[in-house]
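# Summary of the model geometry
If you want the building blocks of each chain, they are given just below.
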Amino acid sequence: MYRAKEPRLTPCMISSALLGALPRSGESRYLILVSLSCVSAGNVLLALWTVKQNQLSDIITLVAKCSLEIQEKFGIYHTREGQDLQLKIGLSAGRFSQVIVGDEQRQYLLVIGRNVDDVQVAQRLAQANEIVLSWNCWKLCEQYMFEVEIMREDEAVKLRDMRIIDPFDFDEHFDKCLDYLPHYRTSADTLRTALELDPDSTLEQTLRKHIMKNLLKKIDEGQPMEYISEFRTVTMVLVSLEFHKTAWMSHLCHLIQEAALYISTVIEQGGGQLSRIFMFEKGCMFLCVFGLPGDKKPDECAHALESSFSIFSFCWENLAETKMFGRRHLARERNKNHPLLDREKELEAFQMAQRECLHQKKGQAVLYEGGKGYGKSQLLAEINFLAQKEGHRVLPLKLKEADFKQCFYAIQTLMAIFFEIDACPAYYRQECLHKQLHGMVEEPLHCLFNDLFFVKFPLSFKVSHMDDLTRQKKVKACFFQVLQEAVRETPLIFLIDEAQYMDAASWEFLETLLSTVPIIMVMTLTSTFTLCGCAQHFLQSSQAVLVPILKLATTSLLRMACWELGVVSIPQELQIYLLHRCFGNPLYCEVLCQDLLSKDVLLFHDLQKEEKNSKWETLSANAMKSTIYGILPAGSEEDQELYICTVKDDVNLDTVLLPPLLKEIAVNQLDQLSLEEQLLVKCAAVIGHSFHIDLLQHLLPGWNKNKLLQVLRALVDIHVLCWLSKSQELPAESILVPSSIKIIEQTKEQKKKKSDADSPLSLQEELSLPQTEMLEFGVPLLREAAWELWPKAQQIALHLECACFLQDLACRCQSCHGGDFVPFHRFAICSAKSCSGISRFCSYKDTGSVLTQVITDKLQLPSPQDSFQFQTKPFRSQEAFTSEHCRTEEEFLDQVNRKLAQTSPEKDMLTTKPCHCEEILQLVLSPLTQHCLVIGETTCAFYYLLEAAAASLDLSDNYMAFFYLRKASSLLGQPSAFSFLKKHKVKICQFEEAIFCCLRSEVCFNMGQITLAKKLARQALRLLKRNFPWTWFGVFFQTFLEKYWRSCSLSQPPNNPSENKKKLAVLQQRVHCLSLLWQLYNLDTTASSRRFACLATLMQKNSAEEFANEAQVFKLMRYADTSRNQLWRIWFSQFSSDLLF
């Protein structure tokens, strides 16, 4: 992108390629117009060529050829949504005029004239994949060069083809036309010649008037051009003006100017902008947009309708005034199947006010205050039900934002509901009101209610002598009298939803009513609104109680989700999906659950149905049955069918789009932030729910650490973001954190040299960091809505940057000695990946990353009270172990327990660093898999899904391991029933397929699927070029081979050192599979199973001794799993060779 120096030339110069080619306002030139429209979408693009009269025929030929090529290449475009887009093109040529309307702040360019109308007619006549020339264009062109079909005489012709046979003939014609096109681009890198112009402040100021203010703000802030575009939902208003056919051009321009100024003013007052002005025949259309970046407001459609009505009133001044008042209703109706959750204290406040009102004969008011969607309306619906059940008379009312502007509107509507005239026909209203007032209000005073209730009682002599103030006081006194008589018969309750929209006069009336009449008032308030003075004075009354509505607890939110879905339990990934998006908001939970049901992304399983699974693909239900939370739906009975749900394998919940309602709410919150804060939030949204500030800075080009921290702290102050640790203390010494891939790849020695050369300013920036550098989103839906605003191409590019940044951190922590979670994983597949060139960013390195040490040092360390985790120590020699005899498994376990008992846990706790693998799984591996999936790097995604599954198993989280492996299964595709037809969608090596089988076997073992676990373990061994028999004869024969193989293998020469790591990877997986088979067969005490277990032990021992060098065996054991179970499995294999089978 071109950037001028002084004076600064903004990127709005992009538009000058077109503007510079057009004449000045009022000047006429010859023009060739091309209108391209999409058949299904309805979008229109107008392209212009300005030439002299003697150049028309040549340029028409050029434009026709261009149109044919466009139809050939883009005539039918297949979209990912499944809808085919088809083009139709219209051409016209002749004289035109340019008009600029607007004021000094905003201007709009119009191209008008008969030929503009002709190109629109031609485009409408064209069908899909057709090109139509206007009749005037047909008359001006070289007709012998075109093959056409006359559509309508003197109106249009259809272009079929051109008669240029030799391509070189057209090349010669094209070179000729270049002399007529001074603005044709000469560089392959520059699409618009305006980018190559010299800085010109005058031209810049002129062009700025043609750019919307939202775009100008972002450009002036210095945001990168590729970060400016957004994909958001907006509300559009089209204002169409039709002029008389005999109108003169000058008068027409004057009318357009007046309309543009008025419409622009009205639309901006409503929070929108006038975006474009289009001309058509003798008419004009104004495109107004609400909800552009920075303009999103609540009730956007209401603002658009209000602005439209003002514009309509401007055109028709004598509109009849509409007289009406509100009707009785609440925002929500009570659902008996969805009882209130965690609202017992709130209901107790109402019941207490109810008792005090009945016993003390004093008015009571309960005001519930909470955020939008916290369940205030549902609470009112429950109170309405309980009050009516007890025989109280309830007057419900829901207010709107526009009601605040109407004086006394709330009381007017409440009293209309009280007199039961809100729903009756207008012709019957006066008679009904007369019956209600009879006996309570004097007949001469009935005319006081004429203007209030839109009736026509005769004006009495008494009322005619009252001034306006006296009449208002008398009306209020009559209301007090009527309500006082009513509460003597039946307790009366006012229910007012969205009371923050109540006008000041109504607040003042209710305050007086509260102190004079024993009535109960229940209202709801949205906490984000500022109340008027009368409302605040009402809240200070001793008879008013303000009750905050808090968010739902996690367990209650999950119970609500189960009720919405009709299940008793939901999977862990769905729980995370709801908790990260809802933050305890019941409305968000309800809408999200309904959205998931409508998108058909869930599978439902009968809980009582026993499933005998023999395949990996049918284990979802069993996995969920092992994680039941005991959450039963409302009204469930003992004999009722109970269901659980799972997420479909091919569904990625992180990329499921928000429902429109929730996205509007979140985008509105995002637009309340400054432009810098919006950009930061959008970049953080790409990283994930939690993120590190170094990765965030990597996505914000041009931001230094001071600017980043300043914006971050502003967002933390308003609770948009929050630190993962509450501690905000500065570190004791500076920690230099790499902020780019190049720095990450530096060695520690290079890093040290660089830190010595850093300036004092940079060190000061580093010292300003808080103790933790991990943050997470603190506002629901904001991260998801901000992520959806990115255009698809930019979204993928940013995810690729994140993946490149995180790839070097995807390894064990330093206290676990680094390395892959699947031992030697990268070394066994690095050659295959590098040769095939599958990945665009994965690089496998032998050394650990510098940033890995930095991040693990900054993670919160566990307290000394945490349970001690067993750590490995240097092993004793094999001879020391073999000198002690242990003939049975029990003897061996007793020996291991004695060895472990000799270790002092207190001493190890002081010398051993805590493990941070869980944090690496959550903050590196899991996000990395998501980034790979979004950018389409399925091979890398499969690699990191295996790593994440292995890490989850290390952390004893079997369900998440199952979740990652199910994702990996979906990447491979459905398995074929025939092995020779087996073809994965993702290209993986045989070693990774073996790891995949081995991990699935371990998960099945933990789930109790023993048969499937044995099958998968055997399959893994077969892929690792070792077979495990199925029959007793096979056991006998394999035992003989294993004993003979051992004696032969010890005499083999040492292996090539360059191949050791790859062989170690295969060897370790063999040992692991055999250890797993040993455990599986040891579960059965039969003699046959015992033989299989002993064979697994023998094969495991031989695999461990495959390398004759003792150091290599030691290296293998040090890299193996360090958990206690894995250790004694390997040790026990050293003593099993003498067992008798």
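Residues numbered from 1 in each chain as written. Predicted model: local features only at pLDDT ≥ 70, side-chain atom pairs only at ≥ 80, totals over all residues. Heavy atoms only, no water.

### Considering unusual backbone geometry
Short version of the rule: Think of it this way: any DSSP run of H or I at least four residues long counts as a helix, any run of E at least two long counts as a strand, and we number them from the N terminus.
The backbone of Asp600 sits at a positive phi, close to 55°, despite the residue not being glycine. Turning to its location among the elements, Asp600 is positioned in the loop between helix 21 (586–598) and strand 17 (602–606). One non-glycine residue, His719, lies in the positive phi region at around 65°.

### Examining the packing of aromatic side chains
Each aromatic ring pair is summarised here by two numbers: the centre-to-centre distance and the angle between the ring planes. This is how the line gets drawn: Stacked, tilted and edge-to-face are the three classes applied to pairs of Phe, Tyr and Trp rings, where Trp contributes its six-membered ring and a pair requires centres within 6.5 Å; stacked means planes under 30 degrees apart, edge-to-face means over 60, and tilted covers the rest. A 1.4 Å probe rolled over the protein chains alone gives each residue an accessible area, and that area as a share of the maximum for its type sets the label: buried under 20%, exposed over 50%, partly exposed in between.
In the structure shown here, the tally under the stated rule is 15 aromatic pairs. Where Phe449 meets Phe453, the ring centres are 5.9 Å apart and the plane angle is 20°; that geometry is what we call stacked. Given the relative accessible area of 1%, Phe449 is considered buried. Judged by relative accessible area, Phe453 falls into the buried class, the value being 0%. Aromatic pair Tyr943 and Tyr944: ring centres 4.9 Å apart, planes at 90°, arrangement edge-to-face. Note on Tyr944: relative accessible area 3%, which makes it buried.

### Some thoughts on a negative patch on the surface
Heads up, the condition is: By definition, no residue in a patch forms a salt bridge, and every one has over 30% relative accessible area; like charges are joined within 9 Å, nonpolar side chains (Val, Leu, Ile, Met, Phe, Trp, Tyr) within 5 Å. Areas reported as accessible are Shrake-Rupley estimates using a 1.4 Å probe. Residue values count occlusion only from the protein chains shown. We define a salt bridge as a contact between a side-chain nitrogen of Lys or Arg and a carboxyl oxygen of Asp or Glu at a distance within 4 Å. Positive residues here are Lys and Arg, negative ones are Asp and Glu, while His and the chain termini are left out of the count. Here the site of a charge means NZ on Lys, CZ on Arg, CG on Asp, or CD on Glu.
Side chains of Asp169, Asp171, Glu172, Asp175 and Asp179 sit close together on the surface and give a patch of like negative charge. Assignment of secondary structure puts Asp179 in the loop between helix 5 (167–178) and helix 6 (201–208). Assessed through its relative accessible area of 65%, Asp179 is described here as exposed.

### Regarding the pairing of strand 4 (residues 84–102)
Residues in a regular strand point their side chains to alternate faces of the sheet. Inclusion rule: Pairing between two strands is assigned when DSSP locates at least 2 bridges connecting them.
Sheet analysis places strand 3 (residues 76–78) next to strand 4, joined by 3 bridges and oriented antiparallel. Bridge pairing in strand 4 places Ile76 opposite Gln86. Pairing of strand 4 with strand 6 (residues 131–134), which is carried by 3 bridges, proceeds in the parallel orientation. When the bridges of strand 6 are listed, Ile89 appears paired with Ile131. When strand 4 meets strand 5 (residues 107–112), the two strands line up antiparallel, connected through 6 bridges. Its bridge partner being in strand 5, Val99 is matched across the sheet by Leu110. Hairpin geometry of strand 4 and strand 5 is characterised by an intervening segment of 4 residues between the two adjacent antiparallel strands.

### Considering the side chain of Arg106
Short version of the rule: What qualifies as a polar contact is a pair of N or O atoms within 3.5 Å, subject to a donor-acceptor requirement within protein and to the restriction that residues adjacent in sequence count only when both atoms come from side chains. Throughout, a contact is declared for two residues whenever any of their heavy atoms are within 4.5 Å.
Residue placement: Arg106 occurs in the loop between strand 4 and strand 5. In this structure Arg106 is buried but unpaired, with Glu268 as the nearest side chain of opposite charge at 6.5 Å. Here Lys209 takes part through its backbone oxygen, which lies 3.5 Å from a polar atom of the side chain of Arg106. Aside from chain neighbours lying at most four places away, what touches Arg106 is Val101, Lys209, His210, Ile211, Met212, Leu274, Ser275 and Arg276.

### Considerations on the nonpolar core
Condition: Among buried residues, those of type Ala, Val, Leu, Ile, Met, Phe, Trp, Tyr and Cys that are joined through side-chain atoms within 4.5 Å constitute a nonpolar core.
In this structure, Ile570, Leu574, Leu680, Leu696, Leu721 and Phe1028 are the most contacted members of the largest nonpolar core, which totals 153 residues. Counting residues per element, this core draws most heavily on helix 38 (residues 938–954), which supplies 12 residues. When sequence neighbours within four positions are dropped, the list of residues in contact with Leu696 reads Leu680, Cys683, Ala684, Ile687, Phe691, Leu708 and Leu712. By size, the runner-up hydrophobic cluster in this structure holds 61 residues, among which are Tyr409, Val463, Ala499 and Leu510.

### Thoughts on the confidence of the model for the protein chain
What counts is decided by this rule: The quantity called pLDDT is the predictor's confidence in a given residue, expressed from 0 to 100.
Per-residue pLDDT for the protein chain has a mean of 75; in total, 73% of the residues score no lower than 70. Mean pLDDT across the elements of the protein chain bottoms out in helix 27 (residues 741–744) (28) and peaks in helix 24 (residues 675–687) (94).

### Some thoughts on a nonpolar patch on the surface
A surface patch of nonpolar side chains, amounting to about 480 Å² of accessible area, comprises Trp1032, Phe1033, Phe1037 and Leu1041. For Phe1037, the position within the fold is in helix 42 (residues 1032–1049). Assessed through its relative accessible area of 45%, Phe1037 is described here as partly exposed.

### Looking at the environment of Gln412
For Gln412, the location among the structural elements is in helix 12 (residues 409–418). Spatially, the C-alpha atoms of Gln412 and Leu452 are 6.7 Å apart, while their sequence positions differ by 40 residues. Within polar-contact distance, the side chain of Gln412 engages the backbone oxygen of Leu452 at 2.6 Å.

### Some points on the sheet that holds strand 21 (residues 774–777)
Strand pairing in a sheet takes place through backbone hydrogen bonds and is either antiparallel or parallel in direction. Note the cut-off: For helices, the fitted axis covers only the stretch in contact; all axes are lines through C-alpha atoms, and the angles between them, taken along N-to-C directions, range from 0 to 180 degrees.
Sheet architecture is open: 3 strands sit in the order 19-21-20, paired in antiparallel fashion. Strands at the two margins of the open sheet, each flanked by one partner only, are strand 19 (690–692) and strand 20 (721–723). For this sheet, the mean angle separating the axes of adjacent strands, direction not counted, is 35°. The pairing of strand 20 with strand 21 spans 3 bridges and is classified as antiparallel. Opposite Trp723, over in strand 21, you have Leu775 as the bridge partner.

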